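# Reading the structure
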Amino acid sequence: MQLLDWIVIALFFVALVGIIVWVMRQKQNNAADYFLGGKDATWIAIGASIFASNIGSEHLIGLAGAGASSGMAMAHWEIQGWMILILGWVFVPFYSRSMVYTMPEFLEKRYNSQSRTILSMISLISYVLTKVAVTVYAGGLVFQQVFGIDTLWGIDFFWIAAIGLVLITAVYTIVGGMKSVLYTSVLQTPILLLGSLIILVLGLKALGGWDQMMSICSQVVVNDHGDTMTNLIRDNRDPNFPWLGALVGSAVIGFWYWCTDQFIVQRVLSGKNEKEARRGTIFGAYLKLLPVFLFLIPGMIAFALHTNSLANGGEGFLPMLANGNVNSDAAFPTLVAKLLPAGIKGLIVCGILAALMSSLASLFNSSAALFTIDFYQRYKPNTDPKKLVRIGQAATVVIVALGVLWIPVMRSVGDVLYAYLQDVQSVLAPGIAAAFLMGILWKRASAQGGMWGLIAGLVIGVTRLCAKIYYSNTAIMPGDQNWFKYLFYDVNWLFFCGWMLVFCLLVVVVVSYCTKAPDPEKIRGLVLGTSTPEQRMATRQSWNAWDVINTVIILGITAAFYIYFW
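Residues numbered from 1 in each chain as written. Predicted model: local features only at pLDDT ≥ 70, side-chain atom pairs only at ≥ 80, totals over all residues. Heavy atoms only, no water.

## Some thoughts on the overall build of the protein chain
A count of helices and strands for the protein chain gives 23 helices and 2 strands. Taking all 566 residues of the protein chain together, 58% fall into the buried category. In the protein chain, the proportion of contacts linking residues at least 24 apart, taken out of those at least 6 apart, comes to 82%. For the protein chain, the exposed area adds up to about 22,500 Å²; of that, 67% sits on carbon and sulfur atoms. (Helix = DSSP H or I, 4+ residues; strand = E, 2+ residues; numbered from the N terminus. Buried < 20%, exposed > 50% of the residue type's maximum accessible area, 1.4 Å probe, protein only. Contact = heavy atoms within 4.5 Å. Areas by Shrake-Rupley, 256 points an atom, 1.4 Å probe, with all protein chains shown as cover.)

Next up, the structure:
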C-alpha cells in the first residue's frame, strides 16, 4: 500500500462521515423512520441498497473462489435478476398493502402469531451464525491478504481488521438506522462497481484477453462426463452441480433470499410508494446481472493466470494451502494485491470496505428490526416510539457481539466457507419458501397449514445439517450404509433442496385441507385474487410501458447468458 492508496481511503471515510452527520441531523422519531428510512426511499436508493446489501464477503471471497475452483457452476445463483423482478411484480403489491415492517409480521397477518415467532427465530439465528460471522470472518481474511500483514502490535492482524470493520459499521448503523444504510449504499455501490470493473479489465489485459481465458478454462475438465470450467449446464450425473438440481436448487434458494428474506425485502419496504418500490427492484435486477462478470469471471482469470505461470516455470499466481492445494478463496484479494497500481489499489480497498460494511450494516439493521418489532413490541405494544428506536440500537449491539463471538468457531470452517453458507441456505430456504408461496398464491392455505410447513422445513433442515456435521467428521466403513445416511447425507444437496420444497408444499396443502379455512376478511388484499378494485387500480397505476420494456430487457440478457455459457 502506497501513500496515494491511504489518501484515497481517507477521502472515502470523509465522505462516509459526511453522510452519517447529515443523517443524524434528520429526525428519526419512530420505528418507521429508523427501520425503514421513513418510508420515503426512491427507486435509485432502493436498487442500490438491494445490490450493495447483497454484495458481501461471499462474493469478494466465495464467488471469486468458486470461479477459480469450479468455473461457471455458481453463476446460477448470481444471474438472478429475474428473481428480483418476481419480488417487484408479484410480491411488492401484497407487502405494500399489508403495511408491515418485517416478513414475520406479514406471516402473522396471513397465518398466525406462531408462524411469525418461528420465522423470527429462524431468521435471527441464521443472521448471527451465518451472515454476521461469515461476513466479518471473510472481511478479516481479505484485509490480511491485501495489506500483507500477519501481526500488528503482537496481535493477529485478522482480528484487528475484523473487529475494526464491525465497530465502524456498527457505529454508523446504530446512529443512523435504515437511512444511513440506504444513503451510504448510494456512495458505496458506484465505488464497488468501478473498482471491480478495473480489476476485470486489468486481469484480462494481464492474461491476454477474454478468448485466452475461455481457451484455458475450457480445457479444464471438471467431471467424468466431459464438462469443463466454462460449462454452466453440466451433466445430471455431476456430483456437485447436476443441471436439473442447479436450476431447481438455485431457484428455491433465490426465491427465499430475494422474495421473502428480511435482509433484502426491508430495502423494498422502505419505498415511498408501490411505483418506487417496483422500479427499485428493476434497477436492482439490472445491477444483479453484474456480479458474474465482476467477481466470478475475475476468479477464472486468476485461475488462468495461475495456470500460465506454472506452464512457464513460475511458482504460480495464487497462494497455496498447507495441504498443497491452490487457495481459490484468495483469488480476488490476490488480484488486488498483484495487479493494481497505487491509488487504484486504495480505490479497490474502498470498494471491498463498501461491500463488507453495506452487508453488515443491512444485517445489523434487519436483525434489530426483527427483534424490536417481532419480539419486544409484541409483548410491550404501548412502548414509546423513541424508546423502540433505542431498543433497536441495543439489539444491534447484542447481535454484533454474538456474531463476533461465533468467529472462532467459524475459523475452523476455513476453506469450505462458501460450501458451509450454501449448505445452510439450501436447508433453510424450502420451508420458508413454501409458507410464502402458498400464503400468497393459494386462498385455501390455512393458519395451521402455513405454520406446519415452516416447522417441517425447520426440522428437516436441522436434521440434514446435523447429519452432515456428524458424517463429515466420522470414519465411514463400507457396510455403514442405511436409509438415514443416504437420505440426509448422500443425496446431492441441490436435489435434496428441491425435494424438501415439494415435501413442505405438500405439508401446507394436506394440513390446510384438514383444518379450518382462513376468514376471507382476514386475508383480503394479502392473497392473489382477494384484492379490492381500488387496490388493483392502485397497482395498475404504479407501472407503465417503460417498466415492462426494462423487465423484458433483463430477461433477454439472462437468456443470452445461459445460451452463451451452455
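## Observations concerning the packing of aromatic side chains
Within a pair of aromatic rings, the relevant descriptors are the distance that separates the centres and the angle that separates the planes. Considering all chains together, one arrives at 21 aromatic pairs under this definition. Taking the centre distance of 5.8 Å and the plane angle of 15° together, the rings of Trp 77 and Trp 493 count as stacked. Pair noted here: Trp 77 is in helix H5 (residues 75-78) and Trp 493 is in helix H21 (residues 493-514), with a separation of 416 residues, a long-range link. In this pair, the class of Trp 77 matches that of Trp 493, namely buried. With a centroid separation of 5.0 Å and 90° between ring planes, the pair formed by Tyr 257 and Trp 258 is classed as edge-to-face. Of the two residues, Tyr 257 and Trp 258, neither departs from the other in class, the shared state being buried. Here a set of aromatic residues connected by ring pairs shows up, and it is made of Trp 210, Phe 293, Phe 561, Tyr 562, Tyr 564 and Phe 565. Here Arg 464 stacks its cationic end above the ring of Phe 496, 4.4 Å away from the centre of that ring. One Lys or Arg, Arg 540, reaches over the ring of Trp 543 and ends 3.8 Å from the middle of that ring. (Phe/Tyr/Trp six-rings, centres within 6.5 Å; stacked < 30°, edge-to-face > 60°. Lys NZ or Arg CZ within 6 Å of the ring centre and 35° of its normal.)

## Some points on the packing of helix H13 (residues 274-288) against helix H23 (residues 545-564)
If you want to describe how two helices pack, look at the angle between their axes and the distance between the axes. Two elements in contact, H13 and H23, have axes separated by 10 Å at closest approach and are oriented at 25°. Comparing the axis directions of H13 and H23 gives the class roughly parallel. Crossing angle aside, the handedness with which H13 passes H23 is left-handed. Two secondary-structure elements touch here, H13 through Arg 279, Ile 282, Ala 285 and Tyr 286 and H23 through Asp 547, Asn 550, Thr 551, Ile 553 and Ile 554. (Axes fitted to C-alpha atoms, helices over the stretch in contact; angles between N-to-C directions. Parallel < 35°, antiparallel > 145°, perpendicular 65-115°, else oblique. Left-handed = near helix turned anticlockwise from the far one by under 90°.)

## Focus on helix H10 (residues 210-217)
Among all positions in H10, only Met 213, Met 214, Ile 216 and Cys 217 are buried. The buried residues of H10 occupy an angular sector of 165° when projected down its axis, which confines them to one face. (Arc of directions from axis to C-beta.)

## Observations regarding the environment of Asn 308
Checked against the element boundaries, Asn 308 lands in helix H14 (residues 291-311). We classify Asn 308 as partly exposed; its relative accessible area is 24%. When sequence neighbours within four positions are dropped, the list of residues in contact with Asn 308 reads Leu 207, Gln 212 and Ile 216.

## Some details on helix H3 (residues 43-54)
Relative to the 16 Å expected for 12 residues at 1.5 Å per residue, H3 spans 16 Å between its end C-alpha atoms, a close match to the ideal helical length. Across the 12 residues of H3, 10 count as buried, placing the element largely inside the fold. Taken together, the buried positions of H3 are occupied by Ala 45, Ile 46, Gly 47, Ala 48, Ser 49, Ile 50, Phe 51, Ala 52, Ser 53 and Asn 54. (Expected span 1.5 Å × (residues − 1).)

## Concerning the pattern of salt bridges
Summed over the entire model, instances satisfying the criterion amount to 7 salt bridges. Notably, a salt bridge pairs Lys 288 with Glu 78, separated by 2.5 Å at the nearest N-O pair. Taken together, the residues span a long stretch of sequence, with Lys 288 in helix H13 and Glu 78 in helix H5 at a distance of 210 residues. Judged by relative accessible area, which is 4%, Glu 78 ranks as buried. Here Asp 235 ties to Arg 237 by a salt bridge, and the two come within 2.9 Å at their closest N and O atoms. Looking at Arg 237, the relative accessible area reads 60%, which means it is exposed. (Salt bridge = Lys/Arg side-chain N within 4 Å of Asp/Glu carboxyl O.)

## Here we look at the confidence of the model for the protein chain
Mean pLDDT over the protein chain stands at 81; residues scoring 70 or higher make up 90%. Taken element by element, the predicted model of the protein chain shows its lowest mean pLDDT in helix H2 (residues 31-36) (52) and its highest in H21 (94). (pLDDT = per-residue confidence, 0-100.)

## Brief notes about a nonpolar patch on the surface
Taken together, the side chains of Leu 3, Leu 4, Ile 7 and Leu 11 define a hydrophobic patch exposed on the protein surface, amounting to about 420 Å² of accessible area. Position of Leu 11 among the secondary structure elements: in helix H1 (residues 3-25). (Patch = residues over 30% accessible without salt bridge, like charges linked within 9 Å, V, L, I, M, F, W, Y side chains within 5 Å.)

## Regarding the nonpolar core
Grouped together as the largest cluster of nonpolar side chains are 159 residues, with contacts concentrated most on Met 72, Leu 87, Tyr 95, Ile 352 and Phe 436. Broken down by element, the residue count for this core peaks at 15 residues, all from helix H9 (residues 157-207). Not counting chain neighbours up to four residues away, the residues in contact with Ile 352 comprise Leu 60, Val 142, Phe 143, Val 146, Leu 192, Phe 332 and Val 336. (Core = buried A, V, L, I, M, F, W, Y, C linked by side-chain atoms within 4.5 Å.)

## Things to note about the packing of H14 against helix H15 (residues 331-339)
Taken N-terminus to C-terminus, the directions of H14 and H15 make an angle of 70°; their axes are 9 Å apart at the nearest point. By the angle class used here, H14 and H15 are roughly perpendicular. Classified by chirality, the crossing of H15 by H14 is left-handed. The segment H14 lies against H15, with Leu 294, Phe 295, Pro 298, Gly 299, Ala 302 and Leu 305 engaging Ala 331, Phe 332, Leu 335 and Leu 339. For the contact of H14 with H15, the per-class residue count stands at 9 nonpolar, 1 polar and no charged. (Nonpolar A, V, L, I, M, F, W, Y, C, P; charged D, E, K, R; others polar.)

## Focus: the environment of Leu 85
Within the secondary structure, Leu 85 is located in helix H6 (residues 81-98). On the basis of relative accessible area, Leu 85 is assigned to the buried category, the value being 4%. Distance in space between the C-alpha atoms of Leu 85 and Cys 259 is 9.3 Å, their sequence separation being 174 residues. Leave out the neighbours within four places in its chain, and Leu 85 touches Val 90, Ile 282, Ala 285, Thr 551, Ile 554 and Leu 555.

## Notes on a positive patch on the surface
The grouping of Lys 380, Lys 386, Lys 387 and Arg 390 at the surface amounts to a positive patch. For Lys 387, a relative accessible area of 34% corresponds to the partly exposed category. (Lys, Arg positive; Asp, Glu negative; His and termini not counted. Charge placed at Lys NZ, Arg CZ, Asp CG, Glu CD.)

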